[in-house]
Amino acid sequence: MKNYSFHLPTALYFGKGCVVAQAEVFQQFGRKALLVTGRTGAKQAGALAEATTALASSQIDVQLFDEIEANPSIETCLRGATVATSCGADMVIGIGGGSAIDAAKVIAAIVGNGWTTPAHVLSPLTHAALPIIAIPTTAGTGSEANAIAVVTTEDGNYKRSLKHETLFPRASMLDASFLPSLPRAMTISCALDALCHAVESYLLNNTTPISEMLALRAATLLFPSLRNLEAGASPNWEQLSMGACLAGMAIQTTGTALPHPMGYNLTLQCGIPHGSATAYFLPYFIERCTAENPSKVEQLSATLQILPNEIAILLRQLTSQTIDMSQEEAALFASRIAGASQFQNASFPFGEADASNLYMQLFG
């Protein structure tokens, strides 16, 4: 057996009302908090109000930064860091979906490292980020349980990842009662993102027994809710929340696979939400893995009690938006993700020409 390890320095709290119930946790990390959110999501979910109540009861001062957009930009994160510095924040709390939590991580890294320019933000961390706390209001990225943050470059054409031990949230509070406030289409996209994390992680070459266990369990929790959503029914919110969190833990070990960079272009250039954009490419990934490593796919299929082609059918039903793409666009998109690290750990080769051909196969 190969050597491996699993390290999760994040304290996880679950259940309705857990933010207020665990108010004393915030006191461990400082006396002034920057709350990082989008304009509406955290408010509509009730999470912002609960966090504000909890922080007030712990006598922690609060500064709100609610300018986070979908696919947060480096510029937005730099503005947030300026606010954090000016108010003397000693912790950053991300409340919302993956965009808010990732932005909170990036802001914490900027302040901790004294960065001032976009080029700084794309460089390795040399100092610890400020303490981070995550309060997710979606079930998708799993950012509450890993040390990964994704940010969009200033030209809007690329997504870049930061990964560092101090980007693990010190604490994450998962209250599934926040999830139903999300629009149905976004719930589906987030759940698809989480399923992609689970399946991609499980089928990669660099798995460990623990990452495989996490990925398989995540998939079994997520898949029934996706079936419910496809049928027009409500998902199991607690299972969605837990499944996304476990999948986030799995990709901390393995990273993601080719569906993610392939999907980035659809998100940034075509406006397709991240999870849905990624899911367009998951059937292809499963098909290629079936040819190269059939036993792994058979185990996944047996665990989910569904055939691989049935997984593909469900994903296509949930990603039905029409996308038209020219050969020139396909080549441009492929060039932007050429050499992506996510292409390296699969059991089959995949390069720029393959990416261009796949874009045309699906959307040409």
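Residues numbered from 1 in each chain as written. Predicted model: local features only at pLDDT ≥ 70, side-chain atom pairs only at ≥ 80, totals over all residues. Heavy atoms only, no water.

Student: Sorry, what's going on with the packing of aromatic side chains here?
Tutor: Two aromatic rings, taken as a pair, are described by how far apart their centres are and by the angle between their planes. This model, assessed by the stated rule, comprises seven aromatic pairs. Ring centres 5.4 Å apart and planes at 80° place the aromatic pair tyrosine 280 and phenylalanine 363 in the edge-to-face group. In this pair, tyrosine 280 sits in the loop between helix H11 (274-279) and helix H12 (282-292) while phenylalanine 363 sits in helix H16 (residues 352-363), placing the two residues 83 residues apart along the sequence. Aromatic side chains phenylalanine 343 and phenylalanine 350 sit 5.1 Å apart centroid to centroid with 70° between the ring planes, which places their arrangement in the edge-to-face category. Here phenylalanine 343 and phenylalanine 350 have matching classes, each one buried. Grouped by ring-pair contacts, the aromatic residues Tyr280, Phe281, Phe333, Tyr359 and Phe363 constitute a single cluster. A cation over a ring is seen here: lysine 296 above tyrosine 202, with NZ or CZ 4.7 Å from the ring centre. (Phe/Tyr/Trp six-rings, centres within 6.5 Å; stacked < 30°, edge-to-face > 60°. Helix = DSSP H or I, 4+ residues; strand = E, 2+ residues; numbered from the N terminus. Buried < 20%, exposed > 50% of the residue type's maximum accessible area, 1.4 Å probe, protein only. Lys NZ or Arg CZ within 6 Å of the ring centre and 35° of its normal.)

Student: How should I be thinking about the environment of glutamate 24 in this particular structure?
Tutor: With respect to the helices and strands, the residue glutamate 24 is situated in the loop between helix H1 (18-21) and strand E2 (32-36). In this structure the C-alpha to C-alpha distance between glutamate 24 and tyrosine 158, which are 134 residues apart in sequence, comes to 39 Å.

Student: Honestly, empty space enclosed by the protein in this entry has me stumped. Any pointers?
Tutor: Here the idea is plain: a probe the size of a water molecule rolls over the atoms and shows the empty space left. The final tally for this structure, using the stated rule, is one cavity of 30 Å³ or more. Within this model, the largest cavity holds a volume of roughly 40 Å³. Around the largest cavity, the lining residues are Thr138, Ala139, Leu179, Leu182, Thr187, Cys190, Ala191, Trp237 and Leu240. Those elements that place two or more of their residues in the lining of the largest cavity are helix H7 (184-203) and helix H9 (237-254). Here the lining of the largest cavity takes three residues from H7, the largest share from any one element. (1 Å grid on protein atoms, 1.4 Å probe; cavity = no way out; pocket = protein on both sides within 12 Å on 5 of 7 lines; lining within 4 Å. Points joined across faces, edges and corners; volume = space filled by probe spheres on them.)

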